[in-house]
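Here is how the chains run, residue by residue.
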Amino acid sequence: MQATIGFVGLGTIGLPMAERLLGQGFPMVVYNRTAAKADAMAARGARRAADPAEAAAAAEIVITMVSDSAALREVALRERGILSGLATGNIHVDMSTVDPETTAALAGTYREQDKFFLHAPVLGSKRAAAEGSLLIFAGGPRQAYERCSHVFSALGKKSWHWEEVARATGMKLACNLLLGGLMAVYAEALVFAAKAGIAPSDLMEVISLSALAAPNFQNKGRSISQRNFVPNFYASHMLKDMDLILSAAEKLHVSLPATAAVRELFRAAVSSGFGREDYSAVVKVLEEAAGCTVQKAAASGAG
């Protein structure tokens, strides 16, 4: 029988991850701050926990997928938090995007109590979470990583491991730097093309046949042109990640001028009320400034 998994945080990515593990035969104990979000899991046979400590006490491995560093510290360290409920020798795997200082500090705190902490953030969409094709960056003791390998295999198509927790955190931030930057520049290209009378479908076709080809460009181009901003990843979360990246870069004495500009674009998107939409909604800020929308680009004149 599979080891029992505790899962804390059933949001946009957390819920399909938990559903994936349940479908793969892992017994589940779940906790979510908004209790109604656990309904789907409970209906499929997962056990509800009253608090993070109860979820941790029932599990060999407890996974968190929460919104930010403050939320992670709260569910881990509060009274009736994960650390208080986790048995000696068991493992807390955080799969959120948070800052390196938080993950390094938690690793030390858990180690002092003879418990394990891994930071294993993921790269991928809701669909990838549901299909088990995430990319997983794991940092922490190899012993704990190896004990979690069957869980990572169920959730992802590949995982990487570093002994230092903060290396995994840094890898995730580097990937999100690129993801946010590409989205911002792609949105600029779509708006520029729209203003020039070029249909988004024409631009997307050219991109797909060039060295610029990327599935994300096709997916986001279609959703933008269809005005579909249902969140796969919140614009507010991308702004949070830009803040994390720039803070980490300052500590590393790395200059990131392009990322600083991208942050301001996402800050404008959140200030305009698009924070709970998909991060591709950043295009709306550029559309407003340009006085056009991608959807209303002129029909193709290419023959």
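Preceding this paragraph is the structure being described.
Figured I'd write up the structure that's included with this text.

About the criteria used
Residues numbered from 1 in each chain as written. Predicted model: local features only at pLDDT ≥ 70, side-chain atom pairs only at ≥ 80, totals over all residues. Heavy atoms only, no water. Axes fitted to C-alpha atoms, helices over the stretch in contact; angles between N-to-C directions. Helix = DSSP H or I, 4+ residues; strand = E, 2+ residues; numbered from the N terminus. Parallel < 35°, antiparallel > 145°, perpendicular 65-115°, else oblique. Left-handed = near helix turned anticlockwise from the far one by under 90°. Contact = heavy atoms within 4.5 Å. Nonpolar A, V, L, I, M, F, W, Y, C, P; charged D, E, K, R; others polar. Salt bridge = Lys/Arg side-chain N within 4 Å of Asp/Glu carboxyl O. Buried < 20%, exposed > 50% of the residue type's maximum accessible area, 1.4 Å probe, protein only.

All right, on to the packing of helix α10 (residues 165–195) against helix α14 (residues 257–274) then. Two quantities define a packed helix pair, namely the angle between the axes and the distance from one axis to the other. It is the contact of α10 with α14, at a shortest axis distance of 10 Å, that shows an interaxial angle of 65°. One way to sum up the angle between α10 and α14 is to call them roughly perpendicular. Pair α10 / α14 crosses with left-handed handedness. Taking contact as the criterion, the partners of Leu 177, Gly 180, Gly 181 and Ala 184 in α10 are, on α14, Thr 259, Val 262, Leu 265 and Phe 266. Residue classes in the contact of α10 with α14 are distributed as 5 nonpolar, 3 polar and no charged.

With that settled, consider the pattern of salt bridges. Taken as a whole, this structure holds 15 salt bridges when the rule is applied. Arg 80 is the salt-bridge partner of Asp 51, the closest N and O atoms lying 3.0 Å from each other. Taken together, the residues Asp 51 in the loop between β3 (47–48) and α3 (52–57) and Arg 80 in the loop between α4 (69–77) and α5 (82–85) connect sequence positions 29 residues apart. Classification of Asp 51 as buried rests on a relative accessible area of 12%. Asp 243 is paired through a salt bridge with Arg 263; the nearest N and O atoms lie 3.2 Å apart.

All quantities given are derived from atomic positions and should not be read as evidence of function.
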